[in-house]
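Coordinates in review
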Amino acid sequence: MDKKRYERPVIIKQYSGLMNKFGSSPVTKPMTEIDGIPIRRMVDEYGSPLFVFSEKKIRENYRKMYRLFKTRYPKVQFSWSYKTNYMNAVCSVFHQEGALAEVVSGYEYDRARRLGVEGRNIIFNGPDKNTASLERAIKESAKIHIDHFDELFEIIELTEKMNADVDVAIRVNMDTGIYPKWDRFGFNYENGEAMDAIKRIIKNPRLHLTGLHTHIGTYIMSADPYRVAASKLVNLANEIYKQYNIVLDYIDMGGGIPSNNTLKGQYLQAEQILPSLEDFADAITSPMFDLEMPHDELPTLYLENGRSLIDDAGYLISSVIANKRLSDGKRAVIIDAGVNYLFTSHWFNHKIVPGQQSGEFTENSAVYGPLCMNIDCLRENIVIPSFKKGDLVVILYVGAYSVTQWMQFITLRPNVIMVMEDGETELIRENENIEYINSLEKVPEILKNFSL
Amino acid sequence: MSNYIVSSNLAISDSGFLFYPATGESFTLNQIGIFILNKLREGKDENAVIQSLVDEYDVDKNTAERDFTDFIYQLKQNNLVQES
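Cut-offs and rules
- Residues numbered from 1 in each chain as written.
- Chains lettered and ligands numbered in written order.
- Predicted model: local features only at pLDDT ≥ 70, side-chain atom pairs only at ≥ 80, totals over all residues.
- Helix = DSSP H or I, 4+ residues; strand = E, 2+ residues; numbered from the N terminus.
- Rg over C-alpha atoms; globule rule 2.2 N^0.38 Å.
- Buried ≥ 20, exposed ≤ 12 C-beta atoms within 10 Å, placed from the backbone.
- Contact = placed C-beta atoms within 7 Å.
- Core = buried A, V, L, I, M, F, W, Y, C linked by C-beta atoms within 7 Å.
- Domains from an automatic or database assignment.
- Arc of directions from axis to C-beta.
- Nonpolar A, V, L, I, M, F, W, Y, C, P; charged D, E, K, R; others polar.
- Axes fitted to C-alpha atoms, helices over the stretch in contact; angles between N-to-C directions.
- Parallel < 35°, antiparallel > 145°, perpendicular 65-115°, else oblique.
- Left-handed = near helix turned anticlockwise from the far one by under 90°.
- Pairing = 2+ DSSP bridges.

1. Examining the overall build of chain A
A count of helices and strands for chain A gives 13 helices and 23 strands. Its C-alpha atoms give chain A a radius of gyration of 25 Å, near enough to 22 Å, the size a compact globule of 452 residues would have. Its C-alpha atoms put chain A at 85 × 65 × 45 Å along the principal axes. The burial tally for chain A puts 41% of its 452 residues in the buried class. Of the contacts made within chain A by residues no fewer than 6 positions apart, 69% connect residues no fewer than 24 positions apart.

Here it is, written out as structure tokens:
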């Protein structure tokens, strides 16, 4: 005789008078496959937890974003923000799509070069460019975006020493009406510091000013600040054209466009309140038409989008280790991926969905990672169905900053795979093992013997 | 093995709606939840309830026992049962 289907017994208290004005509780649709590949099969093959990137989604995101800008302004160039995700395979997809490399350290610069990106196709940003990496960038004709005066003077010294010319841009910070104001990077627009830096560059015969750059912040939830920022850079570019008859090669509007991840403390889901990508494209491109140079000489619009292109192309599959009841009766689920892999969960309420069909009953739960640390909490409250030990969950929107900010802490970092457009899965970063970690350590001879 | 006393006057519908007149509170249960609560109301002890779960549903004894323990905990939290 066939037995009846079993699910965990559940009882949920009903509250009246506290109705959610936005309707019924969210329905969590399970995610059983990624790009047609069953997640259970991926876990069987590569283990759990497992980071998965979708090649198809990355390319779709890139092409959609590129089309939005290219249809609004004739000359557009994207550069891939390495710090968002510098996994070689991921960067290669973006480079195949035509993105330059945008790096913010000598280490990232080296990663781009080893991947085969030529210096002239690297944008070198950031406050910490050490002497060796500046020398290399000058020698290899990278696009150096100067962050502060000490760096400007070091570049001047280096070009004299090396007897070399160099193309440079400056990073400009400004008041765009948002808080926090990112005034720690670059030269300020309002107090005239940016124009002062520009004049010093122009009067130096070895330095050639080719661009202006700004990056107004991260996860910017409104399009208008971009309009303000673009207008201010356009004003500067016009000023440079009028005073010095220099037509810039490019205006770099940076990144900061949000993904659909929901911030902690944000009442509504991100997808309900964020402006559309079209709004951002409009805000950034409209002021570009105020450029006063001849239209066949217009500067190229550079963008350094990171998060908005990769976040929803990354998934973290994780297994349920245990279910618990907290002292107040609230359910807690412990899974095998925690804040060690998702540093981003300190400020995002990552969406977590079941990895298999589950019962219709949901319960408010806390989701904890595997670390024996109180901070290891992925979600303090999430309404999810019940799970059995060994069930899978999929954590969404983890493509940005996860695999660059993750920690090797308490446990080792897992495999990372990519689902290719042809439906195959490829390992793109092997899981760590103790030999790899220990190979970096040295124990002084005197400490090698002990008896307990 | 524990016996449980279910609070009196509980009204449970077939679809899983539970009303507790003593406090005015209402709850929803899934089918397994109704099954267990009804067995307890019939006076079955823990062993008997777990055995009937294994007999009727596609579940092994360990899982049934673990889930039963968790469910009883929730019932106790809501003052719907007490240990005899």
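Following the structure, the description resumes.
2. Thoughts on the nonpolar core
Counting 113 residues, the largest nonpolar core has Val52(A), Ile122(A) and Ile317(A) as the members making the most contacts within it. Ranked by residue count, the leading element in this core is helix α8 (residues 224-244) of chain A, at 8 residues. Counting the residues that make up this core, at least three belong to each of domain 1 (33-52 + 312-429) and domain 2 (55-311) of chain A. Setting aside its immediate chain neighbours within four residues, Val52(A) contacts Ile34(A), Met42(A), Tyr315(A), Ile317(A), Ile417(A) and Val419(A). If you look at the next biggest cluster of nonpolar residues, it comprises 23 residues, including Val10(A), Ile34(B), Phe71(B) and Ile72(B).

3. Topic: helix α7 (residues 193-203) of chain A
An α-helical turn contains 3.6 residues, so any two residues separated by three or four positions project in the same direction. Residues and elements named next belong to chain A. Listed in full, the buried residues belonging to α7 are Ala194, Ala197, Ile198 and Ile201. Around the axis of α7, the buried residues are gathered within 100 degrees of arc, so they sit on the same side. Of the surrounding elements, those touching the buried residues of α7 are β8 (143-146), α6 (149-162), β9 (166-173), β10 (187-188), β11 (207-213) and α8.

4. Concerning the domain arrangement of chain A
Residue and element names in this part refer to chain A. Taken as a whole, chain A is organised into domain 1 (33-52 + 312-429) and domain 2 (55-311). Using C-alpha coordinates to define each centre, domain 1 is positioned 33 Å away from domain 2. Counting from both sides, the interface comprises 21 residues of domain 1 and, opposite them, 21 residues of domain 2. A total of 3 residues in the side of domain 1 that touches domain 2 trace back to one element, the largest contributor, which is strand β22 (residues 416-419). Across the side of domain 1 that touches domain 2, the residue classes break down as 12 nonpolar, 5 polar and 4 charged.

5. Quick look at the packing of α8(A) against helix α10 (residues 277-285) of chain A
All names here are of chain A. Running from amino to carboxyl end, α8 crosses α10 at an angle of 20 degrees, the nearest separation of the two axes being 7 Å. When the axis of α8 is compared with that of α10, the two are roughly parallel. The two elements α8 and α10 cross, and the hand of that crossing is right-handed. Note on element contacts: α10 touches α8 through Phe280, Ala283 and Ile284, opposite Asp224, Tyr226, Arg227 and Ala230.

6. What to know about the interface of chain B and chain A
In this complex, chain B contributes 21 residues to the contact, which on the side of chain A involves 17 residues. At the level of elements, β4 (25-29), α1 (31-41) and α3 (61-77) of chain B are the ones that each hand at least two residues to the side of chain B that touches chain A. Of all the elements, α3(B) adds the most residues to the side of chain B that touches chain A, at 7 residues. Along the lines of polarity and charge, the residues of the side of chain B that touches chain A split into 9 nonpolar, 7 polar and 5 charged.

7. So, the sheet that holds strand β3 (residues 17-20) of chain B
Spatially, 4 strands are ordered β1(A)-β4(B)-β3(B)-β2(B) in an open sheet, and the strand pairing comes out antiparallel. At either end of the open sheet lies a strand with only one pairing partner, and these are β1 (11-14) of chain A together with β2 (11-12) of chain B. α1(B) contacts β1 of chain A together with β2 and β4 of chain B of the sheet and is inclined by roughly 115 degrees relative to β4(B).

8. Notes on unusual backbone geometry
Residue and element names in this part refer to chain A. With omega at -5 degrees, the peptide bond leading from Ser48 into Pro49 counts as cis. Among the structural elements, Pro49 can be located in the loop between α1 (39-46) and β4 (50-54). The amide bond that connects Tyr179 to the next residue, Pro180, takes the cis arrangement and shows omega of -5 degrees. Along the chain, Pro180 falls in the loop between β9 and β10. A positive phi is found at Tyr397, a non-glycine position, where the angle reads about 55 degrees.

9. Some details on the environment of Val443(A)
All names here are of chain A. By the secondary structure assignment, Val443 is in the segment after α13 (434-438). Take Val443: there are 8 C-beta atoms within 10 Å of it, and that puts it in the exposed class. Spatially, the C-alpha atoms of Val443 and Asn173 are 47 Å apart, while their sequence positions differ by 270 residues.

10. A few points about the packing of helix α2 (residues 46-56) of chain B against α3(B)
All names here are of chain B. Look at α2 against α3: their axes get within 9 Å of each other, and the N-to-C directions meet at 130 degrees. In this view, α2 runs oblique relative to α3, as classed from their interaxial angle. Considering how the two elements wind past one another, α2 and α3 form a crossing that is right-handed. Residue-level inspection shows Glu46, Val49, Ile50, Leu53 and Val54 of α2 in contact with α3, the latter providing Lys61, Ala64, Glu65 and Phe68. When its residues are assigned to classes, the contact of α2 with α3 shows 6 nonpolar, no polar and 3 charged.

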